[in-house]
Amino acid sequence: MVDPGVGSFRDTPVVIKADGQWYVGPDNGLFDIVCRRSSGVQCWRIDWRPETLSASFHGRDLYAPAAAMIRNNETPGDAITWEDRHGWPDDLEEIVYIDHFGNCMTGIRAEMLDNTNKIQVNGITIPFAHTFSSVPGGDAFWYRNSQGLIEIAVNGGSAADQLKLETGTETCIPA
């Protein structure tokens, strides 16, 4: 867990049960996407507090004990109705990560496209390929990465360098 707001209680500590899976943490927006994509959601505000609560280790002092309570069929607080308060998009049409090879991960779910779709980045149209060896050396392509997201790569090269991409570069799917 990484929570830059830890200690502030700016984001309500919550427990979420979405499609049978449990989530524990701050209501900082991450759970909005989980809940939006789920058919059944239950939510509880974590009202319980330990005797000693560190200003910077809520994962250890608050969220781990709350998870243990759930495991023991206890609830750490009152049930609340989940509301999407942060407005995060389902897909983020930009480069969100670049690995040391220069492959550029987007925030777009690959399930949103089929193999005939092309994407555009920096005015360049990029086709789909299943694997690096499916395209000639030096050619750019997009593929479904292991996290289910669209990733842009160049066979034998760096997509970041060749296409002048950086984190935050907008990526779009032509209509």
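Scope of this entry: the structure provided in the associated data block. This one's a predicted model, so the numbers in the text were calculated from it and none came from an experiment.

This part is about the pattern of salt bridges. According to the stated counting rule, one finds eight salt bridges in the structure shown. For Arg-36, the salt bridge identified is with Asp-90, shortest N-O distance 2.6 Å. Taken together, the positions of Arg-36 in helix α1 (residues 30-36) and Asp-90 in the loop between β4 (79-80) and β5 (92-98) put the pair 54 residues apart, joining distant regions of the chain. The exposure class assigned to Arg-36 is partly exposed, which follows from its relative accessible area of 34%. Residue classification places Asp-90 among the partly exposed residues on the basis of a relative accessible area of 32%. The closest approach of N and O atoms between Asp-91 and Arg-109, which form a salt bridge, is 2.8 Å. Here the residue Asp-91 occupies a position in the loop between β4 and β5, and Arg-109 occupies one in strand β6 (residues 104-109), the gap between them amounting to 18 residues. Here Asp-91 matches Arg-109 in class, with each residue buried. The structure contains a network of salt bridges with shared partners spanning Arg-36, Asp-84 and Asp-90.

Criteria and cut-off values
- Residues numbered from 1 in each chain as written.
- Predicted model: local features only at pLDDT ≥ 70, side-chain atom pairs only at ≥ 80, totals over all residues.
- Heavy atoms only, no water.
- Salt bridge = Lys/Arg side-chain N within 4 Å of Asp/Glu carboxyl O.
- Helix = DSSP H or I, 4+ residues; strand = E, 2+ residues; numbered from the N terminus.
- Buried < 20%, exposed > 50% of the residue type's maximum accessible area, 1.4 Å probe, protein only.

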